[in-house]
Amino acid sequence: MSVKSPVETEAGLQPFLHDACVTLYAPSFAVSRPDGQFERGVDGFYHADVRVLSRLRVAVDGVPVVAAGGGLEGADGALFRSVLRGVAEATADPAVTLTRRRAIGPGVLTEALEVVNAGGLPARISLTVDAGSDLAAMERVKSGTPTAEVAADPLGDAGLVWTDPDEAGTTVRLSSSPAPDELTAGPDGGLLRYDISLAPGGSWSAELVVTVADGGPPTFPAAEPGSTPWREPRLRSADRRFDRWLTQSHLDLERLLLADPEQPSDLFLAAGAPWFATLFGRDSLWAARMLLPLSTSLAAGTLRVLARRQGTVVDENSQEQPGKILHEVRRATLELPDHGISLPPRYFGTVDATPLWVTLLHDAWRWGLDPAEVAALLPHAEAALGWMRDHGDADGDGFLEYIDTTGRGLANQGWKDSGDSIRYRDGSLATAPIALCEVQAYAYEAALAGAALLRAFDRPGADEWEEWAERLRSRFRQRFWVQDELGPYPAVALDRDKRPVDSVTSGFGHLLGTGLLDHEESALLAARLAGPHLDSGFGLRTYSSAGAGYNPLGYHVGAVWPHDTAIAVSGLARAGFPEAAGQLAGGLLRAADGFEARLPELLAGYGADEGARPVPYPASCRPQAWAAAASVQVLTSLLGLVADVPGGTLTVAPGLPDELRPLSVSGLAVAGSPLEIAVPATGAPTVTTKATVRVSTR
């Protein structure tokens, strides 16, 4: 392979993303500077976890090109405007501009260039496009490992081509229309030069098209155009920040859809771009659950995609066990040597995806998923419940726990899966096996959900699982609760020695509304969640700001995760604490506004009292599926929307803050029928649906 100097990066450091523009159409996406350039760090055009174009710089010889505006348009497009300083200027006004219009499709990037002379003098310029490809695997980019570029060959006289035999023949083609006036190709990449002469009022345009022929192992393809499994939600509220957040979230979620190659009609959501543009069990399940008020079809597809890959054997290397739902799927082994991690392409190192799968099936049934589709998945539900009993509780103490037995997997296997996430109040780290508080809530909810499904479909075992859940509830009350100067609360986990790991965390929100707690216990947690140590004003901190080891830029020890806050909003609403739910929802609206309606995977834990705008977590994915889906979760929670299609009821009991009223929303669905809700400034809501359910409002 011919190479040039390494792509510009900060060697050994994960690249930052907070100022990047990300356009996507999964499994492809582009990451660029705010002015549109691909030139450093994580910048590039990616397809199926490979960076197929690492450099794309547009310049004008001898002329400063100054960004003047633009950015994201929807999810799969962007527009960048620049001024060519000093060209054809008769006054102080800029005269000549360059516009780059970007569009992403599956395996395709299109860049339309336009130069316009709006001045009164003629303009003559030489425009160049400098392109390169390193065909780097995503984990190399993420780790900050320097990557060497692949030699470019000419594609006739109109473009460039890169081929890397190390990637099973992956081929990247860049073509130009019209052809450049000069084309250079070689080990340093390629250069396209255009000599442009413009009369006053004249314009010039060209189109660059980058296509990928992927010769690597099979991966998840894009969803077919027009196959989005939900209608477009439309929200009109008194707070337009909410409306914009929901709109942008819908656009991003559409472009995160991927299909199962074994059954292309089954769709699911990739976790996020750029780091996680593939199937993640936990993320895909939570996102589908949050979107149930839009459609049960996404939930059904997600459930089936994961059921096809459900564990059947015991395999220590992959952490597979019978009935277990997997953590992630990659096209190749994920190697992170600096972290001592080596994950096989199909990896099962998650303790929570399995109970979450059961609960999603139950909730989809309640929202009106076809009983025949539910029945077909019940054997997988029984296997998942069996995993909770036979494998999830490895030491027989009645709690679900995890430990990485390989030494190469994830040390922590709940949603807070960074190595330092589970710690005591004094900042010291817990030792595995670890039983997380929220996982016990998931297991309790899954056991009751499984029992309801088994009973409704005349299958045995319902009584057994109800009894199992009640024993878990009793044990949790005995073992998890601890106390500090503010009173009692549940520890984040039990450690290897069954000692409570006594830090105060956002995990409280995952317990509420599951039935694991009584009302008095829930009230204690509601007060904690609404307090200043956890509520940043932009969402919940994952770790109390009063705890030792708190870091506002700590991935799981102080940062704010929108999906985590949305789960707490839902739990608070379900448990009967609408004021606290509204307070946290308001924080997410402030955060969404600070990120131009596209909430990131996570943001820094600095409080709204420390600055008017949220601070980015620099390496955060944006968009991220469950951060986008959080908009629907928050809306559902504030509307008090609860479906029980098997029972024939739909409840709408708004707990909306006054600043959101009046509010109307369309694009929802229950039992496959459209659902519209209008909440006036005062009084009861109006509900419109043709579904055969009795509507209860208050």
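Parameters and conventions
Residues numbered from 1 in each chain as written. Predicted model: local features only at pLDDT ≥ 70, side-chain atom pairs only at ≥ 80, totals over all residues. Heavy atoms only, no water. Helix = DSSP H or I, 4+ residues; strand = E, 2+ residues; numbered from the N terminus. Rg over C-alpha atoms; globule rule 2.2 N^0.38 Å. Buried < 20%, exposed > 50% of the residue type's maximum accessible area, 1.4 Å probe, protein only. Contact = heavy atoms within 4.5 Å. Areas by Shrake-Rupley, 256 points an atom, 1.4 Å probe, with all protein chains shown as cover. Lys, Arg positive; Asp, Glu negative; His and termini not counted. Charge placed at Lys NZ, Arg CZ, Asp CG, Glu CD. Polar contact = N/O pair within 3.5 Å; in protein donor to acceptor, adjacent residues only side chain to side chain. Pairing = 2+ DSSP bridges. Salt bridge = Lys/Arg side-chain N within 4 Å of Asp/Glu carboxyl O. Axes fitted to C-alpha atoms, helices over the stretch in contact; angles between N-to-C directions. Parallel < 35°, antiparallel > 145°, perpendicular 65-115°, else oblique. Left-handed = near helix turned anticlockwise from the far one by under 90°. Nonpolar A, V, L, I, M, F, W, Y, C, P; charged D, E, K, R; others polar. Arc of directions from axis to C-beta. Core = buried A, V, L, I, M, F, W, Y, C linked by side-chain atoms within 4.5 Å.

Things to note about the overall build of the protein
Assigned secondary structure in the protein consists of 13 helices and 35 strands. The C-alpha atoms of the protein give 26 Å as radius of gyration, which agrees with the globular expectation for 698 residues (26 Å, within 12%). The C-alpha extent of the protein, read off along each of the three principal axes, is 80 × 60 × 50 Å. The buried share among the 698 residues of the protein stands at 60%. Counting only contacts in the protein whose residues sit at least 6 apart along the sequence, the fraction spanning at least 24 positions is 65%. Carbon together with sulfur atoms contributes 50% to the accessible area of the protein, which is approximately 25,000 Å² in total. Side chains of the protein give 59 positive and 87 negative charges; the mean places of these two sets differ by 3 Å.

Quick look at the environment of serine 227
Within the secondary structure, serine 227 is located in the loop between strand 17 (203–213) and strand 18 (234–237). For serine 227, a relative accessible area of 28% gives the class partly exposed. Along the sequence, serine 227 and glutamate 254 sit 27 residues apart, while their C-alpha atoms lie 9.2 Å from each other. Among the polar contacts made by the side chain of serine 227, one reaches the main-chain carbonyl oxygen of glutamate 224 at a distance of 2.5 Å.

Section: the pairing of strand 4 (residues 50–53)
Across three bridges, strand 3 (residues 44–47) lies against strand 4 in antiparallel orientation. Within strand 4, the residue paired with phenylalanine 45 across the bridge is leucine 53. One ladder, built from two bridges, connects strand 4 with strand 11 (residues 136–137); its direction is antiparallel. Paired with arginine 51 across the strands is alanine 136, a residue of strand 11.

Focus: the pattern of salt bridges
Scanning the entire structure with this criterion turns up 47 salt bridges. Ionic pairing is found between arginine 499 and aspartate 495, a salt bridge with its closest N-O pair at 3.1 Å. When salt bridges with common partners are traced through the structure, they connect Asp260, Glu262, Asp266, Arg304, Arg308, Arg309 and Glu373 into a single cluster.

Re the packing of helix 3 (residues 281–290) against helix 13 (residues 625–639)
Orientation of helix 3 relative to helix 13, taken along the N-to-C sense of each, is 20°, at an axis distance of 8 Å. With respect to each other, helix 3 and helix 13 are oriented roughly parallel. As helix 3 runs across helix 13, the sense of the crossing is left-handed. Contacts between helix 3 and helix 13 involve Arg282, Asp283, Trp286, Ala287 and Met290 from the first element and Ala625, Trp626, Ala629, Ala630, Val632 and Gln633 from the second. Here the residues of the contact of helix 3 with helix 13 are counted per class, giving eight nonpolar, one polar and two charged.

A closer look at the sheet that holds strand 9 (residues 108–117)
One open sheet holds the eight strands; their spatial order is 6-7-8-9-17-14-13-12, and the pairing between them is antiparallel. Among the strands making up the open sheet, the edge pair consists of strand 6 (65–73) and strand 12 (153–154).

A word on the environment of proline 225
As for its position among the elements, proline 225 is in the loop between strand 17 and strand 18. Placed 29 residues apart in sequence, proline 225 and glutamate 254 show a C-alpha to C-alpha distance of 9.9 Å.

Looking at the sheet that holds strand 11
Taken together, five strands build an open sheet; the order of strands is 1-2-3-4-11 and the sheet is antiparallel. Of all the strands in the sheet, the pair left with one neighbour each is strand 1 (21–25) and strand 11. Strand direction decides the pairing type here: strand 1 and strand 2 (residues 28–32), joined by five bridges, are antiparallel. Bridge assignment links tyrosine 25 to a residue of strand 2, and that residue is serine 28.

Looking at the pairing of strand 14 (residues 170–177)
Summarising the sheet, strand 13 (residues 159–164) and strand 14 pair through six bridges and their orientation is antiparallel. Opposite valine 161, over in strand 14, you have arginine 173 as the bridge partner. In this structure, strand 14 lies alongside strand 17, joined through seven bridges in antiparallel fashion. Pairing of valine 172 across the sheet is with valine 212, part of strand 17.

Remarks on unusual backbone geometry
Here the residue pair alanine 432 and proline 433 is connected by a cis peptide bond, since its omega of 5° sits within 30 degrees of zero. As for its position among the elements, proline 433 is in the loop between helix 6 (371–392) and strand 25 (435–436). The omega torsion across arginine 661 and proline 662 is -5°, close enough to zero to call that bond cis. Residues other than glycine seldom take positive phi values, yet alanine 88 does so here, at roughly 55°. The residue alanine 88 is located in the loop between strand 7 (77–84) and strand 8 (96–105) in this model. Of note in this structure, glutamine 319 is not a glycine but carries a positive phi near 70°. Looking at the secondary structure, you find glutamine 319 in the loop between helix 4 (297–308) and strand 21 (328–329).

Some words on helix 10 (residues 519–529)
Given 3.6 residues per helical turn, the α-helix brings residues three or four places apart onto the same face. Where helix 10 is concerned, the buried positions are Glu521, Ser522, Leu525, Ala526, Arg528 and Leu529. Taken around the axis of helix 10, the buried residues stretch over an arc of 160°, which confines them to a single face. Facing away from the buried side of helix 10 by over 90 degrees, the exposed positions are His519, Glu520 and Ala527. Check the buried side of helix 10 and you find it contacts helix 8 (462–479), strand 26 (481–484), strand 27 (487–490), helix 9 (508–511), helix 11 (562–575) and helix 12 (578–594). Capping of helix 10 at its N-terminal end is provided by aspartate 518; its side-chain oxygen lies 3.2 Å from the backbone amide nitrogen of glutamate 520.

Comments concerning the nonpolar core
Residues Leu269 and Trp357 are the most contacted members of the largest nonpolar core, which totals 173 residues. For tryptophan 357, the residues in contact, after removing those within four places along its chain, are Leu285, Leu303, Leu306, Ala307, Ile325, Leu377, His380 and Ala381. Counting residues in each nonpolar core, the second largest holds 43 residues, with Val50, Ile125, Leu127 and Ala131 among its members.

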